[in-house]
Every structure is written in C-alpha cells, then in structure tokens.
Amino acid sequence: MPAKAYPIFVGYDLLAQPNLFQSHLHKAVCVVSHPEIAASYFPLLEQTLQKAGARKITSLLLPAGDAHKTLAFAEKIWSFLSNLHYHRDTTLIALGGGMIGDLVGYSGACYMRGLDVIQCPTSLLAQVDAAIGGKTAVNLQNSKNLIGLFHQPRMVLSDLNTLQTLPNREFIAGLAELIKYGVILDAALFEWLETHIVEILARKPQALERAVVWASQIKADIVAKDEKDQNLRAVLNFGHTIAHAIESIYHYEKYLHGEAVAMGMIIAMQLSLALGLISANLLDRLIALLTKAGLPIFLPDGITLEAILAKIQLDKKHSQGQIRWVLVEALGQAQLRENVPLPMIYDVLKASGASM
Ligand SMILES: NC(=O)c1ccc[n+]([C@@H]2O[C@H](COP(=O)([O-])OP(=O)(O)OC[C@H]3O[C@@H](n4cnc5c(N)ncnc54)[C@H](O)[C@@H]3O)[C@@H](O)[C@H]2O)c1
C-alpha cells in the first residue's frame with residue numbers, strides 16, 4: 001500500500017511561515033542540523049515552530065560530511081531523544097543537505113518504531129532529490145547507504161533562501177541531478193536548462209524557483225509511481241554506475257556525487273550512441289550543458305580501466321551478474337539494458353580517458 005501523500009513546499013521565506021508547519025507538527029520537536037547551517041537558519045525556524053504551536057523545541061548539531069552518516073551518529077540522535085524523554089508524539093526535523101536528511105530520516109524511522117519526520121533540505125541536491133521519496137540510510141564502513149529503510153516524511157519544505165549560503169561547488173554538483181532529470185525524463189526541462197543555465201548559476205530567484213519546483217515535481221511523480229524502488233525509479237540511476245565507481249576509487253573524497261554523476265552521464269550517453277540509440281548531436285548537447293554548468297565531462301586523469309571495471313562489478317545494482325545500464329533512447333527517455341557488450345564498454349571508457 002502506498003504511503004500517505006505528503007506536501008512538498010518550494011519557495012522563498014518558507015522557514016518563516018508557521019502556517020506551513022501547523023498541521024504537521026507535534027508539540028515536541030527536535031531539529032537536527034550542522035553547526036554552520038543552524039547558525040544561519042535555526043533561530044528563524046525555532047521562532048516559526050513556536051508560533052506554529054510547538055512547546056518543546058531542542059536542537060542537536062552534528063558534524064557535516066558523509067563520514068558521519070553512520071550508525072554511531074544515528075545512535076547519538078536516539079540517545080539525545082531518549083535522554084530528553086522524547087516519545088512517539090515527536091516531530092524530528094532535518095535541517096541540512098542530503099546527509100542530514102538521510103541520517104535523520106533513518107533515525108526517525110527506527111526510534112520508537114517511527115517518528116514523524118519533516119525534511120527541510122538546504123542543499124540543491126537535497127531539495128531536488130534526496131529529501132523527496134522516503135529513502136533513508138546510513139553508511140556502513142565504505143559501503144554507501146547499505147543500512148536503510150523507506151520512511152516517507154510528513155512534509156518537505158524547501159526554502160530557497162537557504163541556497164544563498166550553499167558553497168558554489170555544492171550548488172553546481174546539485175545541478176547535475178537537475179540535468180539528469182532532463183535527459184532521462186523531461187526533454188522540456190533539458191531544453192529550458194540549456195537556455196537558463198546562466199541565470200540558475202547566478203542563483204537568480206525566479207529561475208532557481210522554477211528549476212527546483214520543476215525538478216521536485218519530477219522526483220515526486222516518479223516516487224509516487226514506484227515508491228519502493230522496484231522498477232521505474234531505477235532510471236534515476238542514470239550516470240550512477242560509473243559515478244559510484246569513481247566516488248569509490250577516490251574514497252568519496254575527491255569528487256562530489258554530482259561531479260561523478262556528470263562524468264557517468266557522459267559515459268552512459270556514449271554507450272547509448274555506440275549502440276545506435278541516439279545521435280551524436282544529443283551527446284554534444286549534454287557535453288555543452290554540463291560544461292556551461294561547470295561540471296566535469298572527462299574521466300579523472302590516471303584512472304584505469306581495471307579499477308573502474310572492478311568497481312562496477314561490485315555495484316549493488318547488478319542483476320544476475322550483469323551490469324545494469326541506464327541508457328538514453330531519446331531526449332527525455334531512458335531504458336534499462338543489461339547486455340551491453342564488454343568490448344564496447346572498454347572502448348567508451350578508453351575514449352573518455354581511462355588508461356590501461
Ligand atoms: N535519500 C535519497 O534519495 C538520496 C538521494 C541522493 C543523495 N542522497 C544522499 O545525500 C547526501 C548528499 O547530499 P548533499 O549533496 O546535500 O550533501 P551534504 O548533506 O553532505 O551537504 C554538502 C555540504 O554542504 C553544506 N550545506 C548544505 N546546505 C547548506 C547551506 N544552505 N548553506 C551552507 N552550507 C550548506 C553541508 O554542511 C555540507 O558541508 C549523500 O549522503 C547521499 O547518499 C540521498
């Protein structure tokens with residue numbers, strides 16, 4: 001049975017609007033965030049929550065970085081909640097990027113068998129992707145998102161003001177996911193991004209709002225059709241087979257996820273071209289858009305074919321020992337394919353800069 005529908009608000013000054021929180025809030029609230037983000041936005045959020053009727057409001061601040069998206073930090077959240085006598089009738093609020101969203105979502109799903117969670121994403125990636133869809137997880141050693149649950153939030157509130165403090169590199173990495181939606185699901189979005197990328201990069205309010213609203217709608221639609229990630233959601237992994245390999249080879253330190261996805265999308269597009277699914281023009285357009293956005297398009301210097309292939313063999317999205325590729329058959333349309341010939345994969349990776 002699908003989970004209850006929940007509202008996704010996108011716009012400016014939303015963290016200042018008690019009416020948006022009112023009907024989704026318990027009296028006891030705990031906000032989990034990072035110190036830098038809380039310094040900018042928690043005082044305003046706290047005031048708003050008070051006006052919305054919350055009576056017990058605490059904040060728990062955790063260090064940033066995926067290295068802290070672990071069971072140990074989930075336990076810190078559980079201990080904090082338990083020491084302060086938070087019960088089932090508690091709202092847990094994630095105020096931060098996808099890392100805080102995943103960690104808080106997971107912790108909230110487990111504590112007393114499930115608290116209400118509100119996602120207040122503050123990074124572009126979290127607003128257009130991570131905060132929507134109810135996938136929650138923590139990392140186990142070097143395995144990303146290995147331990148997790150589906151736990152849909154009570155609401156998602158993306159206040160676009162928060163993007164003003166997001167570092168540029170993080171902002172650009174988030175754009176990769178927007179471009180991805182255009183390529184695999186919505187040709188009109190891709191075309192609009194081609195003509196508005198400069199405004200978006202300048203974080204012009206109107207363009208940014210249109211982009212985040214559009215992308216959130218796409219993510220929400222696809223999640224509504226495939227809540228538990230059984231089939232349709234798989235196309236969202238476009239570019240991710242190679243991206244996961246790159247991130248893992250560099251121990252999740254050198255490249256942000258969106259940067260690795262940009263390189264991975266180029267490889268997947270080149271495979272689509274080699275298989276005769278698309279014309280070279282579409283690949284050129286993707287290269288042009290990623291370049292304008294400031295995202296990488298070539299594989300990292302010195303990366304070897306052997307290292308990439310070893311990693312993709314391990315990718316958890318394999319089915320029966322085959323690598324499952326998300327390929328493009330037209331702008332805005334994707335297909336899943338498992339039988340891409342190995343020599344073709346070799347050739348494309350070599351042409352993109354992988355060494356022997
Ligand atoms: N659940 C899902 O469906 C899903 C989907 C995609 C990614 N993810 C997860 O999301 C995480 C990546 O998310 P992310 O890219 O947002 O990274 P992140 O949460 O690590 O944030 C990146 C950096 O930006 C900072 N930051 C965030 N918002 C800010 C703001 N408004 N002002 C100043 N600094 C800000 C953070 O403190 C951090 O240092 C990964 O853990 C990934 O696994 C989950």
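Residues numbered from 1 in each chain as written. Predicted model: local features only at pLDDT ≥ 70, side-chain atom pairs only at ≥ 80, totals over all residues. Heavy atoms only, no water.

### Brief notes about the UniProt feature "domain: 3-dehydroquinate synthase N-terminal" (unreviewed entry) in the chain
Line of reasoning, step 1. When the UniProt feature table is mapped to this numbering, "domain: 3-dehydroquinate synthase N-terminal" (unreviewed entry) covers residues 61–172.
Line of reasoning, step 2. Taken end to end, residues 61–172 is 34% helix and 29% strand, and its first and last C-alpha atoms sit 25 Å apart. (UniProt positions renumbered as here; feature names shortened; annotations may be inferred. Helix = DSSP H or I, 4+ residues; strand = E, 2+ residues; numbered from the N terminus.)

### Some remarks on the pairing of strand β3 (residues 56–61)
Line of reasoning, step 1. Bridge count between strand β2 (residues 28–33) and β3: six bridges; the pairing is parallel. Residue pairing across strands places Val31 opposite Ser59, the latter belonging to β3.
Line of reasoning, step 2. This β-α-β element, β2 to helix α2 (residues 35–51) to β3, shows right-handed connectivity. (Pairing = 2+ DSSP bridges. Right-handed = clockwise from strand over helix to strand, strands pointing away.)

### What about the site of the ligand?
Line of reasoning, step 1. Around the ligand there are 23 residues in total, and Asp66, Gly98, Thr122, Ser123 and Thr165 lie nearest to it.
Line of reasoning, step 2. Note that a nitrogen atom of the ligand is positioned 2.8 Å from one of the side-chain N or O atoms of Thr122.
Line of reasoning, step 3. A distance of 2.9 Å separates a nitrogen atom of the ligand from a polar backbone atom of Lys135.
Line of reasoning, step 4. Considering the ligand on its own, with 860 Å² of exposed area, one finds that the protein chains cover 83% of that surface.
Line of reasoning, step 5. Taken together, the elements giving at least two residues each to the shell around the ligand come down to α4 (98–110), α5 (124–130) and β7 (143–150).
Line of reasoning, step 6. Of the residues assigned to the shell around the ligand, the class counts are seven nonpolar, eight polar and eight charged. (Near = heavy atom within 4 Å. Polar contact = N/O pair within 3.5 Å; in protein donor to acceptor, adjacent residues only side chain to side chain. Areas by Shrake-Rupley, 256 points an atom, 1.4 Å probe, with all protein chains shown as cover. Nonpolar A, V, L, I, M, F, W, Y, C, P; charged D, E, K, R; others polar.)

### Topic: the domain arrangement of the chain
Line of reasoning, step 1. Domain boundaries assigned for the chain yield domain 1 (8–165) and domain 2 (168–351).
Line of reasoning, step 2. Between the C-alpha centres of domain 1 and domain 2 the distance comes to 27 Å.
Line of reasoning, step 3. With 20 residues of domain 1 in contact, the opposing surface of domain 2 contributes 25 residues.
Line of reasoning, step 4. Regarding the contact of domain 1 and domain 2, the summed buried area is about 2100 Å², with carbon and sulfur atoms giving 63% of it.
Line of reasoning, step 5. Three residues stand out in domain 1 for area buried against domain 2, namely Tyr12, Leu124 and Val128, and they jointly supply 27% of the buried area on that side.
Line of reasoning, step 6. Across the contact surface, domain 1 and domain 2 share one salt bridge.
Line of reasoning, step 7. For the pair domain 1 and domain 2, the interface holds eight residue pairs in polar contact (both at pLDDT 80 or more).
Line of reasoning, step 8. Mapped by element, the contributors of at least two residues to the side of domain 1 that touches domain 2 are β1 (8–11), α5 and β7.
Line of reasoning, step 9. Considering every element that reaches the side of domain 1 that touches domain 2, the biggest residue donor is α5, with five residues. (Domains from an automatic or database assignment. Contact = heavy atoms within 4.5 Å. Buried area = accessible area lost by both parts, 1.4 Å probe. Salt bridge = Lys/Arg side-chain N within 4 Å of Asp/Glu carboxyl O.)

### Some thoughts on unusual backbone geometry
Line of reasoning, step 1. Positive phi values are uncommon outside glycine, yet Asn145 reaches one of about 55°.
Line of reasoning, step 2. You will see that His251, though not glycine, has its phi angle at about 55°, which is positive.

### Considerations on the environment of Leu283
Line of reasoning, step 1. Mapped onto the elements, Leu283 comes out in helix α11 (residues 280–293).
Line of reasoning, step 2. According to the relative accessible area criterion, Leu283 is buried, its value standing at 8%.
Line of reasoning, step 3. Each C-alpha atom of the pair Leu283 and Thr165 lies 33 Å from the other, and the pair is 118 residues apart in sequence.
Line of reasoning, step 4. Other than its neighbours up to four places away in sequence, Leu283 contacts Ile266, Met269, Gln270, Leu273 and Ile278. (Buried < 20%, exposed > 50% of the residue type's maximum accessible area, 1.4 Å probe, protein only.)

### Side note on the pairing of strand β9 (residues 325–330)
Line of reasoning, step 1. Relative to strand β10 (residues 333–337), β9 runs antiparallel, the two sharing five bridges. Among the inter-strand pairings, Leu327 is bridged to a residue of β10, identified as Gln335.
Line of reasoning, step 2. In textbook terms, the turn of a hairpin is the stretch between consecutive antiparallel strands, and for β9 and β10 this stretch comprises two residues, one of which, Gly332, has a positive phi near 90°.

### A word on the UniProt feature "binding site: Zn(2+)" (unreviewed entry) in the chain
Line of reasoning, step 1. Mapped onto the present numbering, the UniProt feature "binding site: Zn(2+)" (unreviewed entry) falls on Glu177, His240 and His257. These annotated residues cover 81 residues of sequence, and their C-alpha atoms all fall within 10.6 Å of one another, placing them together at a single site.
Line of reasoning, step 2. Mapped onto the elements, Glu177 comes out in helix α6 (residues 168–185).
Line of reasoning, step 3. Every residue in contact with Glu177, bar those within four places of it in the chain, is listed here: Leu125, Val128, Asp129, His240, His257 and Val261.
Line of reasoning, step 4. Residue placement: His257 occurs in helix α10 (residues 257–274).
Line of reasoning, step 5. The class of His257 is partly exposed, set by a relative accessible area of 24%.
Line of reasoning, step 6. The residues touching His257, leaving out its near neighbours within four places in the chain, are Leu125, Glu177, His240, His244 and Glu247.
Line of reasoning, step 7. Within polar-contact distance, the side chain of His257 engages the side chain of His240 at 3.2 Å.

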